[in-house]
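Residues per chain, in single letters:
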Amino acid sequence: MTATAENRTYSDSRGRRLRIFMGGSRVYWLILPAFVFFLIFFVVPVLSLFLISLDKSVAGVVDPQWDFTTKNFVRFFTRATYYEAALRSIGLASMVAIITLAIGYPLAFLIAKTENPGRNTFYMILVLCAMQLDMVIRLYGLMVLMGDNGLINRSLIDAGIIEGPLPLMYNFAGVVIGLVQFTLPFMVLSLIGVIRSIHPSLEEAARSLGATRRVAFWKIIFPLSMPGVLAGSLLVFAISISSYVVPALMGGWKVVVMPIHIYQQIAEMGKWQFGAAIAVVLFITSVIAVIIYQRYAAVTAGGRT
Amino acid sequence: MKTLRKQLNNPISRRSLLKKGAVVGAASSLPLFNINHVWSQDVTYDGGVFDAEGATLNIGEWGGFWEEFVNKNLLDQFKKDFNCNVSYDSSWPWFPKFVAGGPQNPVYDITNWNLPEMFKTARAGDYFLNKDEILENVPNAKDCWDFAFENGVGVTWGFGQYCYAFRTDLADPHPTTFKSFWDEQYAGGKRGTYITSNTLQMIFFLTASHVFGGDYKDLDAGYEAMRSAMPMKISDFTGNMQTLIERGEVVIGVQWEGEVYNQIDKGVPIAAMVWEERKPILTQTKTISRYSDPVSKKLALALLNRTLSPEYASEFGKTFYMRPTNKNAVIPENLASKGVTNTADATNGMWIPDWFWYLENEDDVVETVNEIFAG
Amino acid sequence: MATAVSTATTPIKPGQKRWSERNVSLTIQIGAWIGFVILLLPVFIVVLAGLNSGEYLTFPPEGLSFRWIIDFLTSETWMGAYLFSLLLALITMAVSTILGTMAAIVLARHKFPGRDLLRAYFLSPLILPGVVLGLALYVFFVTTNLGLARTLTGLVIGHVLVTCPYVIGTVSAALVSFDQSLEEAARSLGADPWTAFRRVTLPNISAGMMAGAIFAFIVSFGQFDVSLFLSTPDLTPLPIALYISLRYTFEPTAAAAGIFAILLVIVSMLLTARLVNMRKFGGIKFS
């Protein structure tokens, strides 16, 4: 019996035998190097660090003492500074994700629909340039722009529009702006491919049935781009919630999110145990976000994975 | 040893060794190969020049212009004379790096500190050589005043005064007392101070406690003072504060003299107002790591010797307005004209808080002050 | 009847205006240009600061001059950091792309139990703060004492961990749109698995691989958090050098360094654009 394309499926027993015969299962070994690499250099070090979170809090001690106590976690959830920082982190990351989506979608749409290859490459270069600008120097650039004595404030004050400077930096708003600016390329790049893969005839069909552009967009294009929307949002969320340098510099060391607490506890106080506990909480929060994302993605992807 | 080496060369068992080693290594901080450390306690130095045969000396010290100065006036010549390499690390803080490796794996051989961080590190383990060991092996150390060793951990080689740095063109009237910082004219974020891990902020806080509460240990007075000074711009390092003042984002900031005079020389419209009510002292203290590699340790002792030389102290004083601790150092003109003298009681009237008391209370202070800063 | 240039053109009534990007409404175009402004304004400022003839980070610049660029090109610290970042990014890119592509292939092909878990496993370095990862690695290297602490390999390991997920993401996205039956067809024509993969699958996902490689390069070059604890004075990547320098003082040379980083992207993008049709960039996929 010849194996034609139609009847060669992977789910029936004959297909399974065929797959094994073709050495399909041997492909599994390909994942091993990455898996082991991550195991040794990610799981083990991070687990050792997390193990410390269950130790008693002693300044300057790094190794696990195997001295179990949950005091560190209790401390985290009972002191306002800490659990507020957790909420602030989540709020910050969510806000950044939403804003980058709102700004990034039009941009991705434009680039996706650009037919001219030269112009397309040009746009891509612009996006990647923005991505490549070094974090620290970028923040100084933003300070020139948004500081109390910066461009925006000085022009607004000179034009007489406002009296005193707008606090655009060294506060929560500054951190949001900094993170949006930093993660925007990630969102855009996540969206481009998905938008492009939406077959144009779908939109045409909607238009020909009388739908306005706006309706066609919201009812057809946007839902179909969900996988990209979710992937981009997850990426931006993850980057924002774990960022240390942006809240530190743009927030003027005043916007305290969890990575800052972690760094402070470990680098300043030498309380590795407590710092590790905060890291655990942060990690679990992000894991929950990933799970929510995966569930939601499975629902909306419509089986295209 | 041989079988261990064979094991390490075999890739498969290296992986399992790694996994086992990770657990074992994490549970104990004993490094696998520390033969050298048995000898390192016996390193001596007599003050002369020797050939280090290309060994590397690891230094932890402030960067930027400071680093340039040290390279030009000390390290370039040092590298030639002793035939060695120098790895100059300015990515402060030092404390977590020391602690991550433990006393047996010091990250630097010779380190430059402000007191609180040094005490914090010393408390966490047997990291540094003590006073007697330094006096024995560093000839110039004998020429230092007693107060240089008062800290009990390292050698203080220079000190300076705390002050406010302020924009002469933006502050009207100019500040005259410690409390001027709280003047209305600086409201709305024109005041600047540092993160809680920076010594300057710690001192600022304690001085505020003293001036407002009568006793520097009156933490509540300190907290109140911080609260009423808000909103403030928070910087992480004096260099960043310099930039903020240059840009006019901050009009009055906590600083120490040296940086302000440097900025004045560059033409920035800035001046220093030295604190009078309480005169805290900003010390520069060096330590030698006990368990450094023997040759590096010897180099560290040699470098410390040169750092403590009267000539270097005078040069540093000229550029950074840093006051010397070596009896024989000649006070440069810029300092002498301010009435600075080089005597055993040069630090009289200057104040060092009880850092051990502070470190006991640091958790509360850091948490509360950060809460205040966060608004 | 006018022939549509592309099938994606929306039909218009006679007399109705056409925008240059034919299929895109004005609202979206405006939104897109706002996005561009947000992306590029800091870049613009930094570039100008690097060309400023004055001493400080002022805007508008006092004048234009190349002195900071020359300073940068002749400075051992800055050029050293720049070239080191370049080297580090290239190595990271190579390792990440290989490991990531291999993993993505397995993840995309077969639906097996635990696949989602595995995907999350490879994504996890991204959800941990970089400083924590860097610290954990530093402590790990020091305690296991295998000579990885304060070495290039150690730094590469940290960078690979945070760039691999991106490679896996882009290659997964490319594999989704790749029709596996093409490879099956090659197999049925007598090719062995490796040849079928090499000559059918690989060329088709090359755009995804290239995109992942570029992502890996850019993320590694600009990586700050992870490098913070793993770098040493001799192994200082550019972001760390910038941070250290800017803490102590501001030099426009730092801005010049930023300019060169951007130039690097432009050059590498132009190179890539010639090798690969950029329009085939398939996006990123994490599930």
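It should be noted that the structure appears before, not after, this text.
Parameters at a glance
Residues numbered from 1 in each chain as written. Chains lettered and ligands numbered in written order. Predicted model: local features only at pLDDT ≥ 70, side-chain atom pairs only at ≥ 80, totals over all residues. Heavy atoms only, no water. Helix = DSSP H or I, 4+ residues; strand = E, 2+ residues; numbered from the N terminus. Contact = heavy atoms within 4.5 Å. Buried < 20%, exposed > 50% of the residue type's maximum accessible area, 1.4 Å probe, protein only. Pairing = 2+ DSSP bridges. Core = buried A, V, L, I, M, F, W, Y, C linked by side-chain atoms within 4.5 Å. Buried area = accessible area lost by both parts, 1.4 Å probe. Polar contact = N/O pair within 3.5 Å; in protein donor to acceptor, adjacent residues only side chain to side chain. Nonpolar A, V, L, I, M, F, W, Y, C, P; charged D, E, K, R; others polar.

1. Section: the environment of Thr285(B)
Residue and element names in this part refer to chain B. Position of threonine 285 among the secondary structure elements: in strand S9 (residues 279–288). Taking the C-alpha atoms as reference points, threonine 285 and alanine 148, separated by 137 residues in sequence, lie 8.4 Å from one another. Those residues in contact with threonine 285, other than ones at most four positions away along the chain, are Thr111, Asn112, Trp113, Leu115, Met118, Asn151, Gly154, Val155, Thr156 and Trp157.

2. Observations regarding the pairing of strand S4 (residues 155–167) of chain B
Residue and element names in this part refer to chain B. Counting buried positions along S4 gives 13 out of 13 residues, so the element sits mostly inside the fold. Sheet analysis places S4 next to S9, joined by 6 bridges and oriented antiparallel. Each bridged residue has a counterpart across the sheet, and for glycine 160 the counterpart in S9 is leucine 282. Summarising the sheet, S4 and strand S10 (residues 323–324) pair through 2 bridges and their orientation is antiparallel. Paired with glycine 158 across the two strands is proline 324, which belongs to S10. With 5 bridges joining them, S4 and strand S7 (residues 252–256) adopt antiparallel strand pairing. Counterpart to tyrosine 164 in the pairing with S7 is valine 254. As defined by bridge partners, S4 adjoins strand S8 (residues 270–274) across 5 bridges and the pair is classed as antiparallel. Its bridge partner lying in S8, phenylalanine 166 is registered against alanine 271.

3. Quick look at the nonpolar core
Core analysis: the largest hydrophobic core is formed by 322 residues, its most contacted members being Phe41(A), Tyr105(A), Trp66(B), Tyr164(B) and Phe122(C). Here the element with the most residues in this core is helix H4 (residues 80–112) of chain A; it accounts for 16 residues. Those residues in contact with Tyr105(A) that lie beyond four places of it in its chain are Thr100(A), Leu191(A), Ile195(A), Phe217(A), Ile221(A), Phe222(A), Ser225(A) and Val229(A). In terms of nonpolar packing, the next biggest core, distinct from the first, is built from 6 residues, Trp145(B), Phe159(B), Ile281(B) and Met350(B) among them.

4. Looking at the interface of chain C and chain A
Between chain C and chain A, the residue contacts involve 111 residues of the former and 102 residues of the latter. Taken together, both faces of the contact between chain C and chain A bury some 9,700 Å²; the carbon and sulfur share is 76%. Joining chain C to chain A, the criterion identifies 6 residue pairs in polar contact (both at pLDDT 80 or more). Among the elements that take part in the side of chain C that touches chain A, helix H1 (residues 26–50) of chain C stands out by supplying 15 residues, more than any other. Residues of the side of chain C that touches chain A, tallied by class, amount to 80 nonpolar, 19 polar and 12 charged.

These figures come from the coordinates and say nothing about function on their own.
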